[in-house]
Amino acid sequence: MGQNDVYKTISDTSQGIYKGKGSRFLAFAFPVYSEDEIKNHIKELKQTYYDARHCCYAWQLGLDGNSFRVNDGGEPSGTAGKPIYGQIKSFGLTNILIAVIRYFGGTKLGTSGLINAYRQASIDAINNTTITERTINDYFEFNFPYTNLIEVMKILKNNDLNIVEQQFKAGCVIKISVRKSLSESVISQCEKLDGIDVIFIKTV
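Calculation rules
Residues numbered from 1 in each chain as written. Predicted model: local features only at pLDDT ≥ 70, side-chain atom pairs only at ≥ 80, totals over all residues. Heavy atoms only, no water. Helix = DSSP H or I, 4+ residues; strand = E, 2+ residues; numbered from the N terminus. Buried < 20%, exposed > 50% of the residue type's maximum accessible area, 1.4 Å probe, protein only. Contact = heavy atoms within 4.5 Å. Areas by Shrake-Rupley, 256 points an atom, 1.4 Å probe, with all protein chains shown as cover. Lys, Arg positive; Asp, Glu negative; His and termini not counted. Charge placed at Lys NZ, Arg CZ, Asp CG, Glu CD. Arc of directions from axis to C-beta. Pairing = 2+ DSSP bridges. Axes fitted to C-alpha atoms, helices over the stretch in contact; angles between N-to-C directions. Core = buried A, V, L, I, M, F, W, Y, C linked by side-chain atoms within 4.5 Å.

Asks: So what's going on with the overall build of the protein? Residues and values would help.
Replies: A count of helices and strands for the protein gives 5 helices and 11 strands. Here the protein holds 204 residues, and 43% of them are scored as buried. Relative to all contacts within the protein whose residues are 6 or more apart in sequence, the contacts with residues 24 or more apart total 72%. When the accessible area of the protein is evaluated, it comes to approximately 10900 Å², of which 47% is carbon and sulfur surface. Across the protein, the centroid of the 23 positively charged side chains sits 11 Å from that of the 21 negatively charged ones.

Asks: Describe helix α4 (residues 149-158), with residues and values.
Replies: Of the positions making up α4, those classed as buried are Val152, Ile155 and Leu156. Mapping the buried residues of α4 onto a view down its axis gives an arc of 100°, with all of them on the same face. Along α4, the residues that are exposed and aim more than 90 degrees away from the buried face are Ile150, Lys154, Lys157 and Asn158.

Asks: How would you explain the sheet that holds strand β2 (residues 14-20) if you had to name every residue and give the values?
Replies: The antiparallel open sheet is built from 5 strands, whose spatial order is β2-β3-β6-β4-β5. The open sheet has two edge strands with one neighbour each: β2 and β5 (67-71). Each neighbouring strand pair of the sheet contributes to a mean axis angle of 15°, computed without reference to strand direction. Against the sheet, helix α3 (residues 110-127) engages β2, β3 (23-31), β4 (54-61) and β6 (96-103), with an angle of about 150° to β2.

Asks: An account of the nonpolar core is needed here, citing residue identities and associated values.
Replies: Formed by 21 residues in total, the largest nonpolar core has its most connected members in Phe25, Ile84, Ile88, Ile98, Val100 and Tyr118. Contributions of two or more residues to this core are made by β3, β4, α2 (81-90), β6 and α3. Per-element tally for this core: the top contributor is α3, with 6 residues. Not counting residues up to four positions away in its chain, the partners in contact with phenylalanine 25 are Gly16, Ile17, Tyr18, Val100, Ile101, Arg102, Leu109, Leu114, Ala117, Tyr118 and Ala121. In terms of nonpolar packing, the next biggest core, distinct from the first, is built from 17 residues, Phe142, Ile174, Ile176 and Val178 among them.

Asks: Tell me about unusual backbone geometry, and please be specific about residues and values.
Replies: Backbone geometry at lysine 21 places phi at a positive 50°, although glycine is not the residue there. Looking at where lysine 21 falls in the secondary structure, it is placed in the loop between β2 and β3. With phi around 50°, aspartate 160 is a residue other than glycine that occupies positive phi space. Tracing the chain through its elements places aspartate 160 in the loop between α4 and β9 (162-168).

Asks: Describe the environment of glutamine 166, naming the residues involved and giving the relevant values.
Replies: Relative to the helices and strands, glutamine 166 resides in strand β9. A C-alpha to C-alpha distance of 9.4 Å links glutamine 166 and phenylalanine 142, two positions 24 residues apart in sequence. Contact partners of glutamine 166, with chain neighbours within four places excluded, come to Val173 and Ile174.

Asks: Account for the sheet that holds strand β10 (residues 172-179), with residues named and values stated.
Replies: With antiparallel pairing, the 4 strands of this open sheet are ordered in space as β9-β10-β8-β11. At either end of the open sheet lies a strand with only one pairing partner, and these are β9 and β11 (197-203). Mean inter-strand twist for the sheet, computed between neighbouring axes without regard to direction, equals 15°. Alignment of strand β8 (residues 137-144) against β11, held across 6 bridges, turns out to be antiparallel. Looking at β11, one finds that asparagine 143 is bridged to aspartate 197.

Okay, here's the thing in structure tokens:
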């Protein structure tokens, strides 16, 4: 079985901190799945820590490595967003946002000091959560008559699929999630049955 649908991310939200020359760097790590979700987290942090000097962050989405962003939040270019993102890459993570709030302590840290501070704060946030391995899953809806119920349920059971939702009224409607690498095989098995309508919903 291919592993192109497996990735590492964090299990839940966590916090970290780094202190240097009076400045405090408060790091927050979030598991995320969309840019809208990321924007909401950043907005909430800026509202909560409105009195902080800087809000810097980096994020990564997906498996191809092409969906990411770094933001220095007013710090000198390359001293905040890049070292944060560097830890996301170093730990091999994706679907993650790390934001660091800085309260300036009055003493400048210099370029190397800033890079180290944002790196260490990010590491602390990652170390305070659990790194977990997850799969990318496709979601489908099956519509079919009762005469196919036994055959459909047999396919679901044999492939150890997760039923997300099911309704039994005039006909049968079952929504499932299936590991992406198994999707083609499962759908092929179902489409061999007469009268079944397979609808793709989303990939997460």
